[in-house]
There are 2 protein chains.
Amino acid sequence: MDRNLLGNNVITQIGILVHDIETVSQTYADFFGVEKPAWFWTDTVEKAQTEYRGNRSEARAKLAFFDMGSLQLELIEPDEHPSTWRESLDQNGEGVHHLAFVIEGMKEKVALLEQNGMPLLQKGEYTGGRYAYIDTLKPLKVILELLENDKK
Amino acid sequence: MDRNLLGNNVITQIGILVHDIETVSQTYADFFGVEKPAWFWTDTVEKAQTEYRGNRSEARAKLAFFDMGSLQLELIEPDEHPSTWRESLDQNGEGVHHLAFVIEGMKEKVALLEQNGMPLLQKGEYTGGRYAYIDTLKPLKVILELLENDKK
């Protein structure tokens, strides 16, 4: 077993939950002196095959990305369907939701983390890859997201 | 005025509040396959000249740092004296407290942010520099920390 459970320690994104992505995107753009990025909807469940706590979910979110040096800030405005985004926003309010890492071998990594007491929270597909949110709140105090991008 | 209020957009640290830095440091070390760093106390108020919401505070915290690629994860276990660390931990529990940026010209930056509706929360000195936490929770959904290091 790799001594590092993820295979690397490079944080690639910081995900932040917001109620109003349009307003917060503009605020970030003004603050950092950059253009406001266009937000976009995550894919529908048919395409994303979204599962939340083991069940298919219609959940989608609006996403906007800011390039911040070596990583991205990701703003997330979830819809009302069940998701880790909606659950965290309802329970904890706006703020940091997750730290994301690019990994290889999603199934094996998710299984390894589950064996180590860190269960899968949510997963889905996106064009060119797939994601998984892992419930690492108790041990690491923050949710981790795994991102696997298909080889081109 | 610089279009970017901080002068850069490079996140240098992510600060995470914890109740038990010894346990969480070991968990992070095991998870990422690295040595557990030694935690240390921030300086006493006499040396740090700590101010929290405009008042001198005896507050200190235990800190531990993990190098994560291009930035650091900072674990923070505050003592019971008044601080932004203690306040956030009591109100929101464990989790991400702030994103830190290295800046130049602390007084000017703090004044500029205050003029823009983002007040100083806490400040202090450390060997070789000084820090300031800014209340950017409402606009940016996370507290920012400014770090100014003295020229060597």
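Residues numbered from 1 in each chain as written. Chains lettered and ligands numbered in written order. Predicted model: local features only at pLDDT ≥ 70, side-chain atom pairs only at ≥ 80, totals over all residues. Heavy atoms only, no water.

A. Structural detail: the layout of surface pockets. In this model, the largest pocket occupies a volume close to 780 Å³. Considering the residues around the largest pocket, the lining is formed by 30 residues, among which Asn92(A), Glu94(A), Val96(A), Asn92(B) and Val96(B) are closest to the centre. Elements represented by at least two residues in the lining of the largest pocket include exactly helix H3 (84-92) and strand S7 (95-102) of chain A together with helix H3 (84-92) and strand S7 (95-102) of chain B. With four residues, the top contributor of residues to the lining of the largest pocket is H3(B). When its residues are assigned to classes, the lining of the largest pocket shows 11 nonpolar, 12 polar and seven charged. What the second largest pocket holds in volume is close to 420 Å³. Taken together, 21 residues make up the lining of the second largest pocket; nearest its centre are Leu63(B), Phe65(B), Tyr126(B), Tyr131(B) and Leu147(B). Those elements that place two or more of their residues in the lining of the second largest pocket are strand S2 (40-41), strand S5 (61-68), strand S8 (120-126), strand S9 (129-134) and strand S10 (143-149) of chain B. (1 Å grid on protein atoms, 1.4 Å probe; cavity = no way out; pocket = protein on both sides within 12 Å on 5 of 7 lines; lining within 4 Å. Points joined across faces, edges and corners; volume = space filled by probe spheres on them. Helix = DSSP H or I, 4+ residues; strand = E, 2+ residues; numbered from the N terminus. Nonpolar A, V, L, I, M, F, W, Y, C, P; charged D, E, K, R; others polar.)

B. Highlighting the interface of chain A and chain B. With 38 residues of chain A in contact, the opposing surface of chain B contributes 37 residues. Summed over both partners, the interface of chain A with chain B comes to about 3,000 Å²; 68% of that surface belongs to carbon and sulfur atoms. A per-residue breakdown of the area chain A buries against chain B is headed by Phe31(A), Leu140(A) and Lys141(A), which together make up 24% of the total. Where chain A packs against chain B, one counts two salt bridges. For Glu94(B), the salt bridge identified is with Lys141(A), shortest N-O distance 2.9 Å. Remark: the boundary between chain A and chain B carries 13 residue pairs in polar contact (both at pLDDT 80 or more). Elements represented by at least two residues in the side of chain A that touches chain B include exactly strand S1 (11-17), helix H1 (21-32), strand S5 (61-68), strand S6 (71-78), S7 and helix H5 (137-140) of chain A. Considering each element in turn, the side of chain A that touches chain B owes the most residues, six residues, to H1(A). Within the side of chain A that touches chain B, the residues separate by chemical class into 25 nonpolar, eight polar and five charged. (Contact = heavy atoms within 4.5 Å. Buried area = accessible area lost by both parts, 1.4 Å probe. Salt bridge = Lys/Arg side-chain N within 4 Å of Asp/Glu carboxyl O. Polar contact = N/O pair within 3.5 Å; in protein donor to acceptor, adjacent residues only side chain to side chain.)

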